[in-house]
Every structure is written in C-alpha cells, then in structure tokens.
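# What the coordinates show
Single-letter residue listing:
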Amino acid sequence: MYSWIIENKELIKIFYGLIIALICFVIVLKTNKLFRLSLHKGIRYFRNAFFFYGIAFIIRYLFGVFFLDNSSYYLLINALFEYFLVMGGFFLLYSLLWKRFESSKTNYNSSLFNTKIFLFYFMSLIIVFLDYIWQTYYFMFFSQIIIFVTAAIISYINYKKNGKQHKFLKLYFIAMILSLITWILNFLAALLLDWNKGVLTNVYLINIVIFLLFLYGVIKVTGRK
C-alpha cells in the first residue's frame, strides 16, 4: 500500500489537496451562514481559520505541482503555504481566546484586518522569514506545536465545562489532539527521519480525519439551525 502511494505521490498530493480544500470550502460556507445568524465572534474567527487553511492547501498541493521543476517558484509556493498554514493556526487558537482580548461591545468592521489580527500577520511573516533564512521548517513546527498544545488545553477545559450540552466541543478537543500529533510527527519526520515517506503518509491520513471531524461537527451544529 505504502509503495503504491509513494510511486504515485504527486497524484496523491493533488487529490489530498483537493479533499482538504473542498472540506475547508464547505466549512467556510456553513460557518459564515451560522455567523450571520448568531453574530458570534468565535465562529467568525473559526471560519477565518479554514479560509486560510483552504488557501494554503490549494497553493501547496494544486498550484505547487506545476512548479516542481522551478526551484525559485517552488520556494515561493512553500513560503506562501507556510504563511497561510500558520495564519490558520493562529485564527483557530484565537477563536478560543477572543473573549480575553475583546469585549462583547468591541465591533471590528473586519475579522481579517483589525489591530488584533495584524499581530498574527506580522508573527506569521517573522516565522516564514526565519525558516527561509535558516532553510528549515522548525520555526513553523515550534509555533504550531505551541499553538495546538494551548488550543488542546483550552478545548479540554471547555469540553469539561460544557461538553454535555455541546457535543461539538468533544469533537473540537479530539481534533486539537490529532492536530498536535500531526505537527509532532511532522517535526520528528523532518528532524530525525529525513522526511520518512511512511510517517508523512500517516500525517496526510490523520489530517484528512481532522478536517472531516471539523466538517462533521459544523454540519451537526448548522443542521440544528
């Protein structure tokens, strides 16, 4: 099975990118509808996370295929992929933390461009820049591991407090744990295993499960509205 996947890796990557991008597209549409009904800020930032994730996977796994033989463009593709991926992580964490930084009366005209979010853009640029200078992905890995450790803790606390009333919180917590595992596996694959194809294949599979969990949760929540 693994040997067949490795032999057809570029085709698999295209389908992988399409699957993740499609899931993100559906999540963005459904959560945007839910936000318009509820005006809940956390939903708005959650929506933004999957907007950025969708762009990241389209850039890397769809557009990136056409620039495999051009090192300059491929470096740009990887930098953009990393930037949007990191931004997605920041938005996902902020969807859990926004109440600590914004009051219920705070009213930004845009959830993509405001004083709080500009900090994320700046931090993402710094992370991508440092990885480019040192020709590594370690800064991205460290930042995302920290983000998902924090998100897992917060989502667990939310689940323990309100999990019985909101089953989506259980799915959210499971997705955070799986996301953390994939980032740790990615880091180990890069640091110790020289990008072992078997490990990366497992990462791809777990990623699909994670996004499907989010999609399932969003469908369950929006289906009640």
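Notes on the structure follow. (Residues numbered from 1 in each chain as written. Predicted model: local features only at pLDDT ≥ 70, side-chain atom pairs only at ≥ 80, totals over all residues. Heavy atoms only, no water.)

### Brief notes about unusual backbone geometry
Note the following rule: Strands here are runs of E lasting at least two residues and helices are runs of H or I lasting at least four, both read from the DSSP assignment and numbered beginning at the N terminus. Each residue is placed in one exposure class: buried if its accessible area under a 1.4 Å probe, protein chains only, is under 20% of its type's maximum, exposed if it is over 50%, and partly exposed if it falls in between.
Positive phi, close to 50°, is recorded for Gln 135, a residue that is not glycine. Topologically, Gln 135 is positioned in the loop between α5 (115-134) and α6 (138-162). The exposed category is assigned to Gln 135, whose relative accessible area is 56%.

### Here's the deal with the packing of α5 against α6
The packing of two helices is summarised by the inter-axis angle and the distance between the axes. Rules: Lines are fitted to the C-alpha atoms to define the axes, a helix being fitted only along its stretch in contact, and any angle between axes, read from their N-to-C directions, falls within 0 to 180 degrees. Working rule for contacts: check all heavy atoms of both residues, and any pair within 4.5 Å makes them a contact. For this classification, Asp, Glu, Lys and Arg are treated as charged, while Ala, Val, Leu, Ile, Met, Phe, Trp, Tyr, Cys and Pro are nonpolar and the rest, including Gly, are polar.
It is at 7 Å that the axes of α5 and α6 come closest, and there the two elements cross at 145°. Counted together, Ile 127, Leu 130, Asp 131 and Trp 134 of α5 and Tyr 138, Phe 139, Met 140 and Ser 143 of α6 form the full contact between these two elements. In the contact of α5 with α6, the residues fall into six nonpolar, one polar and one charged.

### Things to note about the environment of Leu 213
With respect to the element layout, Leu 213 can be found in helix α8 (residues 197-223). When the C-alpha atoms of Leu 213 and Ala 175 are compared, they prove to be 6.6 Å apart, with 38 residues separating the residues in sequence. The contact partners of Leu 213, leaving out residues within four places of it in the chain, are Leu 171, Ile 174, Ala 175 and Leu 178.

### Brief notes about the packing of α6 against helix α7 (residues 168-191)
For the record, the criterion: To sort the angles, those under 35 degrees are grouped as roughly parallel, those over 145 as roughly antiparallel, those from 65 to 115 as roughly perpendicular, and the leftovers as oblique. Rotating anticlockwise by less than a right angle from the far helix to the near helix defines a left-handed crossing, while the corresponding clockwise rotation defines a right-handed one.
Packing of α6 against α7 brings their axes to within 8 Å, and their N-to-C directions diverge by 160°. The pairing of α6 with α7 is recorded here as roughly antiparallel in orientation. When the axes of α6 and α7 are compared, the crossing they make is left-handed. Partitioning the contact of α6 with α7 into residue classes produces 22 nonpolar, six polar and one charged.

### Concerning the packing of aromatic side chains
Quick note on the threshold: In this analysis, rings of Phe, Tyr and Trp, with Trp reduced to its six-membered ring, are considered paired at centre separations within 6.5 Å, and the interplanar angle assigns stacked below 30 degrees, edge-to-face beyond 60, and tilted for intermediate values. In this scheme, the term charge over a ring applies when either NZ of a lysine or CZ of an arginine sits within 6 Å of the ring centre and within 35 degrees of the ring normal.
Summed over the entire model, instances satisfying the criterion amount to 37 aromatic pairs. Relative to Tyr 204, the ring of Tyr 16 has its centre 4.5 Å away and its plane inclined at 35°; by these criteria the two rings are tilted. With Tyr 16 in helix α2 (residues 9-38) and Tyr 204 in helix α8, this residue pair connects regions lying 188 residues apart in the sequence. Taking the centre distance of 6.4 Å and the plane angle of 50° together, the rings of Phe 113 and Phe 118 count as tilted. Note on Phe 118: relative accessible area 46%, which makes it partly exposed. Sitting over the ring of Tyr 45, Arg 44 keeps its end group 5.6 Å from the ring centre. Sitting over the face of the ring of Tyr 61, Arg 60 holds its NZ or CZ atom 5.1 Å from the ring centroid.

### Looking at a nonpolar patch on the surface
Applicable threshold: The patch calculation keeps residues exceeding 30% relative accessible area without a salt bridge and links them within 9 Å when they carry like charges or within 5 Å when they are nonpolar (Val, Leu, Ile, Met, Phe, Trp, Tyr). Per-residue and other accessible areas were derived by the Shrake-Rupley procedure at a 1.4 Å probe size, with only the shown protein chains allowed to occlude residues. Throughout this description, the term salt bridge denotes a Lys or Arg side-chain nitrogen within 4 Å of a carboxyl oxygen of Asp or Glu.
There is a patch of nonpolar side chains on the surface, built from Leu 75, Phe 129, Tyr 132, Ile 133, Trp 134 and Phe 139 and spanning about 660 Å² of accessible area. With four residues, the single largest contributor to the nonpolar patch is α5. With respect to the helices and strands, Tyr 132 occurs in helix α5.

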